[in-house]
Amino acid sequence: MTLLIYFLLYLLLAFVWRTLLVYRKTGINPLTLSSADDAYGYVGRAFKVVIAASGLIVLLNAHPDLAGWLAPIPDLRVPGLEILGWCLLLASLVWVLIAQAQMGLSWRIGIDSENPTELVQKGLFSVSRNPIFLSMRVTLLGVCLVAPSAATLAVLIAGEILIQVQVRLEETHLADLHGEQYKTYQASVRRWL
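Quick caveat: nothing in here was measured; it's all calculated off a predicted structure.

Calculation criteria
- The residue numbers shown here count from 1 along each chain, following its written sequence.
- Predicted model: local features are reported for residues with pLDDT of at least 70 only, side-chain atom pairs are reported and counted for 80 or more only, and whole-chain, interface and lining totals are derived from all residues.
- Side-chain numbers come from the whole structure's heavy atoms, not from hydrogens or water.
- Between the rings of Phe, Tyr and Trp (Trp by its six-membered ring), a pair exists once the centres lie within 6.5 Å; its type follows the angle of the planes, with under 30 degrees stacked, over 60 edge-to-face, and the other angles tilted.
- Throughout, exposure labels follow a simple rule: accessible area from a 1.4 Å probe, protein chains only, divided by the maximum for the residue type, with under 20% read as buried, over 50% as exposed, and the rest as partly exposed.
- We call a charge positioned above a ring when the Lys NZ or Arg CZ atom is no farther than 6 Å from the ring centre and deviates by at most 35 degrees from the ring normal.
- One speaks of a salt bridge when a side-chain nitrogen belonging to Lys or Arg is within 4 Å of a carboxyl oxygen belonging to Asp or Glu.
- The pocket and cavity definitions rest on a 1 Å grid over protein atoms only: a 1.4 Å probe that fits but cannot leave marks a cavity, an open set with protein on both sides within 12 Å along at least five of seven lines marks a pocket, and residues lining either have an atom within 4 Å of a point.
- Grid points are joined across faces, edges and corners, and a volume is the space filled by probe spheres set on the points.
- Put simply, DSSP marks the helices as runs of H or I at least four residues long and the strands as runs of E at least two long, and each gets a number from the N terminus on.
- Three classes are used: nonpolar for Ala, Val, Leu, Ile, Met, Phe, Trp, Tyr, Cys and Pro, charged for Asp, Glu, Lys and Arg, and polar for all others, with Gly counted as polar.
- The contact criterion used throughout is that any non-hydrogen atoms of two residues lie within 4.5 Å.
- Multiplying 1.5 Å by the helix residue count minus one yields the expected span of that helix.
- Throughout this description, the term nonpolar core refers to a set of buried Ala, Val, Leu, Ile, Met, Phe, Trp, Tyr and Cys residues connected via side-chain atoms within 4.5 Å.

1. So, the packing of aromatic side chains
Item 1. Taken as a whole and assessed by the stated rule, the structure comprises five aromatic pairs.
Item 2. Summarising the aromatic geometry, the rings of Y10 and F15 are spaced 6.2 Å apart at their centres and angled 55° between planes, so their arrangement reads as tilted. For the residue pair Y10 and F15, the accessibility class agrees, reading buried in each case.
Item 3. Taking the ring centre of W192 as reference, the NZ or CZ of R137 above it sits at 4.3 Å.

Structure (structure tokens):
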């Protein structure tokens, strides 16, 4: 049940609240996941599936009678790994909220080619070009450690692949949008850490 509460809190703070905040201040919808029949659209649809699958997995995990459907991995259910998982989950929530605050009104979910944004290079963005995606990667790993199963492992792998593709699509977009400024930033700050 604790994992379900965490998941709902993460969605509420990292997605809903930030989306409403940016929309209220700019009038621009920061949810820009494409539904086109191209790479952007494919990744956007796949992200929605991974988020929905994560929610279903966490919900099933909260009910002992249904958790068996997730194909638990008992050998990974050890206190040390579960504690590490919770530490990663808490750290990733704090990390994403700080990164989103530092991104300010430039924050988007997806690639917004209609509303140019500033290139954020300060704060966490001075040590990672993708601190929000890094947080999402850590969150998926944390969930897998707290509730190890074939289902959480599958979501971890699918999420990792999607994030790697999305980051590269965004890097191309940012290079087109910001030119030399982005190339200089890219040369001086690592993609992850």
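This is not the end of the story, as more comes after the structure.
2. Notes on the pattern of salt bridges
Item 1. Within this structure, the stated rule accounts for four salt bridges.
Item 2. Salt bridges sharing partners connect three or more residues here, namely R129, E171 and R191.

3. Some thoughts on empty space enclosed by the protein
Item 1. This structure, assessed with the given rule, holds one cavity of 30 Å³ or more.
Item 2. Approximately 290 Å³ is the volume found for the largest cavity.
Item 3. Lining of the largest cavity is provided by 20 residues; of these, F7, I51, S54, T139 and L140 occupy positions nearest its centre.
Item 4. Of all the secondary structure elements, the ones that give two or more residues to the lining of the largest cavity are α1 (2–26), α2 (39–61), α5 (131–146) and α6 (150–178).
Item 5. Per element, the largest residue contribution to the lining of the largest cavity is six residues, and it comes from α2.
Item 6. Counted by class, the lining of the largest cavity contains 16 nonpolar, four polar and no charged residues.

4. Things to note about the side chain of T152
Item 1. By the secondary structure assignment, T152 is in helix α6.
Item 2. A relative accessible area of 5% means that T152 is categorised as buried.
Item 3. Beyond its immediate chain neighbours, meaning those up to four positions away, T152 contacts I57, V143, C144 and A147.

5. A look at the layout of surface pockets
Item 1. If you add up the space inside the largest pocket, you get close to 700 Å³.
Item 2. As for the largest pocket, its lining consists of 37 residues, and the residues nearest its centre are R108, I109, G110, F133 and E170.
Item 3. Every element with two or more residues in the lining of the largest pocket is listed here: α1, α2, α4 (79–103), β2 (109–110), α5, α6 and α7 (180–188).
Item 4. By residue number, the principal contributor to the lining of the largest pocket is α6, which donates seven residues.
Item 5. Here the residues of the lining of the largest pocket sort into 21 nonpolar, nine polar and seven charged.
Item 6. Here the second largest pocket defines a volume of roughly 180 Å³.
Item 7. For the lining of the second largest pocket, the residue count by class is three nonpolar, seven polar and two charged.

6. Focus on α5
A turn of α-helix holds 3.6 residues, and therefore any two residues three or four places apart point the same way.
Item 1. Compared with an ideal rise of 1.5 Å per residue, which puts 16 residues at 22 Å, α5 spans 22 Å between its outermost C-alpha atoms and is within 8% of the ideal.
Item 2. Burial of α5 is extensive: 13 of the 16 residues sit out of reach of the surface.

7. A few points about the environment of F47
Item 1. With respect to the secondary-structure elements, F47 resides in helix α2.
Item 2. Judged by its relative accessible area of 8%, F47 falls in the buried class.
Item 3. C-alpha separation for the pair F47 and T19, spaced 28 residues apart in sequence, amounts to 16 Å.
Item 4. With residues near it in sequence (within four places) discarded, F47 still touches F133, M136, L162, I163 and Q166.

8. As for the nonpolar core
Item 1. By size, the foremost hydrophobic cluster in this structure holds 49 residues, and its most contacted members are L3, Y10, F47, I132, F133, M136 and I163.
Item 2. Secondary structure elements with two or more residues in this core: α1, α2, α4, α5, α6 and α7.
Item 3. If near-sequence neighbours (up to four positions away) are discounted, I163 is found in contact with F47, F133, M136, R137 and W192.

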